[in-house]
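# Coordinate inspection notes
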Amino acid sequence: MSKISAVLIDLSGTLHVEELAIPGTQAALQLLRKHVQVKFVTNTTKESQSLLYERLKTCGFQIEKHEIFTSLVAARDLILQNHYRPFFILDDRAMEDFEGIPTEDPNAVVIGLAPEKFNDSTMTAAFRLIKEKNASLIAIHKGRYYQKKDGLHLGPGAYVSGLEYSTGVKAEVVGKPEKLFFEAALKTLGKDVDFSNAVMIGDDVNDDVLGAIQAGMRGILVKTGKFRDGDDLKVRNVANSFVEAVDMIIGNKVEND
Amino acid sequence: MSNGRAVNGFLLDITGVLYNSIYKSDGIAIPKSAEAVNFLYQHSKVKFLSNAKGNSNRNVARRLQRLGINVREEDVITPAPVVAQYLRENDLRPHLFVRDDVLEYFHGIDTTSPNCVVMGEVEEGFSFDRINRAFRVLIDMPKPLLITMGNGKFFQRIDGPCIDVGAFAAALKFSTNCEVLNIGKPSHFYFEQGMNALGMKPEEIVMIGDDLMSDVGGAQACGMRGIQVRTGKWRPDFEKMGVTPDLTADCLFDAVKQIADNGFRL
C-alpha cells in the first residue's frame, strides 16, 4: 500500500446533502488537508462552479472556488474544441458556465440534469436533431440517480440511455466515471501526482469508486447519500462516512484495489 | 410473383399502415387503406395487431371508423388487455403507468405493494413526475420488473418522428437494472395473440407493417411472412438494416392487391 498523496472528493452525498453538511465532515476535511492535496470533483450538472462554492461555504466548509472541478467545466472545454452549437437540456442555473457559446442551428445535444425537461417533448426535440440533423450527443455525465431530501431522482444517464436506444447513436460522456475526467482533475494538482498514489472518495459505487478504480486510482465508498445496501459488496474500501474515510487515509489503511 | 405459399390470414399493423397519426387529432387515413380492409374482410381473414397503448380497443376501432375505415372492435389486438391477462395469470401486482383510457382492463387487479411496473404511456403522459414515480417503485423492488407495451424506438407523426416508449424503458433499465418484458411487437408472445385470434399456424399468415424491425422482423422470427409498406415510419435506409421483407409495397392496398392477384399466394 503506497502512501496516498492526493484525494479527489465527491460533494453531494459525500460531504453534504443539499444545504446540510454530513456531521463531522468539515473538521475531517481540515484534518485531511494537513496530510494530502485535495480536489473536489463533482458530476452535479445543474450548478455552476460559483453556486457550488457558495453552498459549500454555507455548509461550513473551508474551501477555495478553484478547488472545485466540475463536469460542466469539462463540457465547456469539449464544446469549444469541437465548435459545437448545442441544444442544451440543462437547468437554467448551469447556463452560467456556458455564456457566450452559440446555440443557433444546433449540431449537438448536450444533456445535463434538468428534471422538468425529462419529458416527451424535449426527448422528441433531441431525437429529431440527432436523427435528422446528425447532431452529436454529449452527456455531462451518465449518473443513474441521485439523492434529494424527498428521495431518489432519476439522473441524466437515464435520458441519455433513452436517446441512445432510440437514435442508435452513442453518447460522448464528459464527467465521472470517464478516465479523462479523473486525469484532468488530478492534473490540476501538479506534476508529482499520479494515479497510483491518489484515491477517490464518493457515495456512488459506479461513478465514483469503480470509475476511479478503472482509471487506475484507488477508491473509497462512503455509506452516505445515495449509498444502497449491497453497493459495499462491489468494492474493497468502504467507510461509514467521509469522517471514517479520512481516518483510513491518515492511518494508511486504504487497500490496493 | 407466381406460385409461392398460400396466404390464409392477414395481420395488419394500424398506425402508419391504415392511417397517419396527427397530434391531438384523429389523424388521417392513408389512401385506399379503407378499401383494402373491406376487401380482406370479404375475401380472407384479417386481424389488427397494434402496439397502440393510448386507447381501448373500442376507441381504436371508433377512431378508425370515424376515418372511414371499417375495423371491428373484436378484431383489434392491443397490448393493454393482453398485459392485464398476463398479470392475472402470474399473480403480478402492478404500478400502473398507463393511459386512463385503458384502465378499464386492469379493474380488479391488486395494485398494493407493487412487484412490477406496467408502462404504456404516450406523448405528454411521459412527464418527469410520472417517470420518476415509476423509477422509485422499481428501485425499491428486490427484483425489479418493467412490463412495457411495445419497445418502439420512435413513431411517425405527421409533424415528424417522435420518441416512443422504448426510450423510456431503456432509461428506466439503465437506472434500475430492471428486467424489461415487452408485451407488444416484436415479442413472440404478442404475435401469438394474433395467431390465436386468426386460429392459424404462423406459416399461413402475413404481417403487414411500417416498422421493419418490430413488424416485419418480428413476424419473420415467429415463422410468418413479413411485408413492409412504404408508409408511416418507413424510411429509405430501412433497406440497409439487415431485415429482408418477403415483400415491399407502396402501401397497404398495393400489398393486398399483389397478393390477391397472385391467388392469395406469396
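Here the structure is a predicted model, which means the values were calculated and not measured.

## A few points about unusual backbone geometry
- A cis geometry characterises the amide bond from Lys176(A) onward to Pro177(A), with omega recorded as 5 degrees.
- Locating Pro177(A) in the fold gives a position in the loop between strand S11 (172-173) and helix H6 (179-187).
- Of note in this structure, Lys24(B) is not a glycine but carries a positive phi near 55 degrees.
- As for its position among the elements, Lys24(B) is in the loop between strand S2 (19-20) and strand S3 (28-29).
- Residue Lys24(B) is classed as exposed on the basis of its C-beta count, with 6 C-beta atoms lying within 10 Å.
- Its identity as a non-glycine residue notwithstanding, Lys32(B) has a phi of 70 degrees, on the positive side.
- Here Lys32(B) lies in the loop between S3 and helix H1 (33-43).

## A short note on the interface of chain A and chain B
- If you look at the interface, chain A gives 26 residues, while chain B gives 24 residues.
- At the level of secondary structure, the elements contributing two or more residues to the side of chain A that touches chain B comprise helix H4 (120-133), strand S10 (151-154) and helix H5 (156-167) of chain A.
- Looking at which element gives the most residues to the side of chain A that touches chain B, the answer is H5(A), with eight residues.
- Split by residue class, the side of chain A that touches chain B holds eleven nonpolar, ten polar and five charged.

## Describing the confidence of the model for chain A
- Model confidence for chain A is summarised by a mean pLDDT of 93, while 100% of its residues fall at 70 or above.
- Across chain A, the secondary-structure element scoring lowest on mean pLDDT is strand S9 (residues 145-148) of chain A, at 84, and the one scoring highest is strand S14 (residues 238-239) of chain A, at 98.

## Some words on the sheet that holds strand S7 (residues 116-120) of chain B
All names here are of chain B.
- Reading across from one edge, S6-S7-S8-S11 is the order of the four strands in this open sheet, with parallel pairing throughout. Of all the strands in the sheet, just strand S6 (94-98) and strand S11 (179-182) have a single pairing partner and so form its edges. Mean inter-strand twist for the sheet, computed between neighbouring axes without regard to direction, equals 20 degrees.
- Examined bridge by bridge, S6 and S7 share five bridges and lie parallel to one another. Residue pairing in the sheet places phenylalanine 97 in a bridge with methionine 119 of S7.
- Packing against the sheet, helix H3 (residues 79-89) makes contact with S6, S7 and strand S8 (145-148), and its axis sits at approximately 170 degrees to S7.
- Where helix H5 (residues 165-176) meets the sheet, it contacts S7, S8 and S11, and its direction lies at approximately 175 degrees from that of S8.

## Quick word on the sheet that holds S11(A)
- What the four strands build is an open sheet, ordered S6-S7-S8-S11 (chain A); its pairing is parallel. The open sheet has two edge strands, strand S6 (86-89) and S11 of chain A, and neither has a second partner.

## A few points about the domain arrangement of chain B
All names here are of chain B.
- For chain B, the domain assignment lists domain 1 (9-77 + 186-261) and domain 2 (79-182).
- Summarising the inter-unit geometry, the C-alpha centres of domain 1 and domain 2 are found 23 Å apart.
- Contact residues are listed per partner, giving 19 residues for domain 1 and 21 residues for domain 2.
- Mapped by element, the contributors of at least two residues to the side of domain 1 that touches domain 2 are helix H2 (57-66) and helix H6 (188-198).
- For the side of domain 1 that touches domain 2, the residue count by class is three nonpolar, 14 polar and two charged.

## Structural notes on the nonpolar core
- By size, the foremost hydrophobic cluster in this structure holds 161 residues, and its most contacted members are Val109(A) and Leu252(B).
- With eight residues, H5(B) is the single largest residue contributor to this core.
- Sequence-distant contacts of Leu252(B), that is, excluding residues within four places in its chain, are made with Leu12(B), Val17(B), Leu18(B), Ile30(B), Ser33(B), Ala36(B), Ile208(B) and Val229(B).

## So, the pairing of S9(A)
All names here are of chain A.
- Pairing of S9 with S10, which is carried by four bridges, proceeds in the antiparallel orientation. Bridging across to S10, lysine 148 finds its partner in glycine 151.
- Linking S9 back to S10 in an antiparallel pair, the connection comprises two residues.

## What to know about H4(A)
Residues and elements named next belong to chain A.
- Spanning 14 residues, H4 covers 19 Å between terminal C-alpha atoms, matching the ideal 20 Å at 1.5 Å per step.
- Counting buried residues along H4, ten of its 14 residues qualify, which places the element largely inside the surrounding structure.
- Asp120, Thr122, Met123, Thr124, Ala126, Phe127, Arg128, Leu129, Ile130 and Lys131 are the residues of H4 that are buried.

Definitions and limits used
- For every chain, the first residue of the written sequence is number 1, and numbering continues from 1 along that sequence.
- The order in which chains are written sets their letters, starting at A; the order in which ligands are written sets their numbers, starting at 1.
- Per-residue local features are limited, in this predicted model, to residues with pLDDT of at least 70; the limit for side-chain atom pairs, both in listing and counting, is 80 or more; totals at the level of whole chains, interfaces and linings are taken over all residues.
- Helix and strand definitions follow DSSP, with helices as H or I runs of at least four residues and strands as E runs of at least two, each counted in order from the N terminus.
- The exposure scheme places C-beta atoms from the backbone and then counts, for each residue, the other C-beta atoms within 10 Å of its own, assigning buried at 20 or more, exposed at 12 or fewer, and partly exposed in between.
- What counts as a contact is two residues whose backbone-derived C-beta atoms lie within 7 Å of each other.
- The nonpolar class holds Ala, Val, Leu, Ile, Met, Phe, Trp, Tyr, Cys and Pro. Asp, Glu, Lys and Arg form the charged class, and all remaining residues, Gly among them, are polar.
- pLDDT: the predictor's confidence for each residue, scored from 0 to 100.
- A pair of strands counts as paired when DSSP detects no fewer than two bridges linking them.
- Orientation is described by lines fitted to C-alpha atoms, with helices fitted over the stretch in contact, and by angles between N-to-C directions that extend from 0 to 180 degrees.
- Residue ranges assigned to each domain were obtained from an automatic or database domain assignment.
- For this analysis, nonpolar core means a set of buried Ala, Val, Leu, Ile, Met, Phe, Trp, Tyr and Cys residues linked through C-beta atoms within 7 Å.
- By this rule the span expected of a helix is its residue count minus one, scaled by 1.5 Å.

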